[in-house]
Structure formats: C-alpha cells, structure tokens
Amino acid sequence: MGKVCLEAIDLCKTYIVEGNSNNVLQNINLKIEEGEFVSIMGPSGSGKSTLLYTISGMDSMTAGKVIFDGEDISGMKEKELTRLRLLKMGFIFQQMYMMKKLCIIDNIVLPGYQAKLVSREEVNRHAEDLMRRLGIIDTAEREITEVSGGQLQRACLARALINSPRVLFADEPTGALNSKASSEVLNELIKANEAGSTILMVTHSEKVAASSDRIIYLVDGDIQGELKLGKVTVKSDKTDPREELQKRERKLRQWLDEMGW
Ligand SMILES: Nc1ncnc2c1ncn2[C@@H]1O[C@H](COP(=O)(O)OP(=O)(O)OP(=O)(O)O)[C@@H](O)[C@H]1O
Ligand SMILES: [Mg+2]
C-alpha cells in the first residue's frame, strides 16, 4: 500500500432538523492513497456530498477524525484550515463559490495570486492553458452570470486546479455537461491525476467513474462496497484504449448491478 494522504476514522455526521436527528454518515472509515483517483457512487441522499464536505474540512463533523497529509484537521482552527485549503486542496462543489464581482478569468487566477507560489504571470499563463483545454477561453472576460452552467462548472475546475492541489475534491464535476464537455473535464481530471493530484470525486456517471482507480459505494451513510479497477493503462502500441475503457465500464456496471444501483 502506498502512502496514505487522506484518512477518515469513524467519521460521523448527524443533522438535526426540527428536533429529529438524522445520522447521515455512520462511522465512515476510509483511506485514500497519494496519487489515487477515487469515485464515490450511491443513491441520491446516501450522503456522498456530505462525505466530501466533511472529509475535506469544508463542513464540521459530529464525531471521528480526518487526517490530511499527516495532520489531524478535525480540531484545526479555521484560519489554519483556510491556509491548508488554499495551498493543498482544490474544490469543485455543487454550490460553486465563485465571486460575483469578478469575471471568469479573475475568479480562476484569484487562488493563484493568494497562494503566491509562483509569479502572477505564471498564474495567468496556467489559467489560460487550463481555459483553452477546457474550451472556455472565450468566456475569460465575462461576468459569471453571463456564462452557461456547463461553462461555469468548467471554470470552477480551472480554478480548483490553478495551484496544482495535492488533493482535488469534486462533487459531480460533469453533472451539468453534455458528453463532449464531459470528456474534456474527465481528460483534465486524468491529466491532473497524472501530474500528481489525488482525486476524490462524487459522480453518477458510469463513464466517468470507469476512468478512476477505485469506486466506493455509499448507502445510507455507510460504505457498502468498493471496486478496484486500478489505473487506466494506455499501451499505444498494443490495445485500443477504447477497448480497455469499455471493459472497465462493463465491469463497473456489473458491480453496480450487484450493489443495487
Ligand atoms: N444542511 C443539511 N441539513 C439537514 N440535512 C441535510 C443537510 N444537507 C444534507 N442533508 C441530508 O443528508 C442526507 C444526505 O445528503 P447528501 O447531500 O450528502 O446526499 P447525496 O448522496 O450527495 O445526494 P445527491 O446524489 O442527491 O446529491 C439527505 O438525507 C439530506 O436531506
Ligand atoms: Mg450530492
């Protein structure tokens, strides 16, 4: 087993609504290795987004611990956590926290300027590269209310990748996208993973999940099973990469059937 970079230990999350408590996550134990690309699947309401929010420190947990890159983030002060987020984490969430007063490219470069890891010129170049590859370079100067949902989602991905994060957390990153835009996003995720970012992603898409190393199946806030597919091995000389992807998709579909998907 490789180095563990993210670990949840007996992670619990309970919501209390009108006096009734709802145990949304029940003693989740999960280890993510450095360089892994992990998908979380499961029915609507099973706690996938909640798991992503609590394990990334975006939301508080009710009990348990989370170790990120060797540090216990469960008791961390907000200021410390904010710094950790900026430098080592990337986020693509369903509610997208884009700044309404800034245009698309200014939103994307902002975490880069704040982190000060490289010069502003380099941040700008990186942002333009990402936007070009994601097919949204034409939207650079637009207000965030002047682009489509899918364009905004891809802008969020560009922003999440601007500091080349250690871990990228993504909640249905292809949710609002057609198949072309969806494969552009998937390709960018694979590229980020190859460049060293660990990825934890929630997805409903079998096609997207089939490209990840491991799939975790959540039901009622409990991990009910996991499927290990390993890295996609594209041997250009031998097999057709599409053939391998189809094989992975078939394997995933069969497993999901067994899980009751
Ligand atoms: N802020 C909240 N307050 C109270 N209950 C919540 C809150 N957020 C989520 N829940 C409840 O927790 C449960 C899990 O929600 P969550 O959003 O994690 O599901 P999900 O698996 O991501 O679903 P989907 O696939 O529909 O996005 C649901 O029953 C939901 O109603
Ligand atoms: Mg969700």
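Above this note sits the structure.
Residues numbered from 1 in each chain as written. Chains lettered and ligands numbered in written order. Predicted model: local features only at pLDDT ≥ 70, side-chain atom pairs only at ≥ 80, totals over all residues.

Enquirer: Could you clarify how one ought to interpret the pairing of strand β2 (residues 20–33) in this entry?
Expert: Inspection of the sheet shows strand β1 (residues 4–17) paired to β2 by ten bridges, in the antiparallel sense. The residue of β2 that forms the bridge with Y15 is N22. (Pairing = 2+ DSSP bridges. Helix = DSSP H or I, 4+ residues; strand = E, 2+ residues; numbered from the N terminus.)

Enquirer: Just checking my understanding: could you explain helix α6 (residues 179–194) for this structure?
Expert: Think of an α-helix as 3.6 residues a turn; residues three or four steps apart then line up on the same face. Here α6 spans 22 Å end to end across 16 residues, near enough to the 22 Å set by a 1.5 Å rise per residue. Within α6, burial applies to V185, L186, L189, A192 and N193. Looking straight down α6, one finds that the buried residues subtend no more than 120 degrees of arc, so they occupy a single side. Along α6, exposed side chains directed more than 90 degrees from the buried face belong to K180 and E194. Considering only its buried residues, α6 is in contact with β3 (37–41), α5 (149–161), β7 (167–171), β8 (198–202) and α7 (206–209). Note on α6: the residue one or two positions beyond its end, G196, has a positive phi of about 115 degrees. (Expected span 1.5 Å × (residues − 1). Buried ≥ 20, exposed ≤ 12 C-beta atoms within 10 Å, placed from the backbone. Arc of directions from axis to C-beta. Contact = placed C-beta atoms within 7 Å.)

Enquirer: Just checking my understanding: could you explain the site of ligand 1 for this structure?
Expert: Close contacts around ligand 1 come from Y15, V17, N22, V24, G42, S44, G45, S46, G47, K48, S49 and T50, and that covers them all. Sorting the residues of the shell around ligand 1 by element identifies β1, β2 and α1 (48–55) as the ones contributing at least two each. No other element matches α1, which puts three residues into the shell around ligand 1. Broken down by class, the residue content of the shell around ligand 1 amounts to three nonpolar, eight polar and one charged. (Near = placed C-beta within 6 Å. Nonpolar A, V, L, I, M, F, W, Y, C, P; charged D, E, K, R; others polar.)

Enquirer: Is there a simple way to think about α5 in this case?
Expert: With 13 residues, α5 should reach 18 Å at 1.5 Å per residue; the first-to-last C-alpha distance of 19 Å fits that figure. The buried count for α5 comes to eleven of 13 residues, which makes it a mostly enclosed element. All buried positions along α5 are accounted for by G150, Q151, Q153, R154, A155, C156, L157, A158, R159, A160 and L161. Close packing links the buried residues of α5 with β6 (89–92), α3 (104–115), α4 (120–133), β7 and α6.

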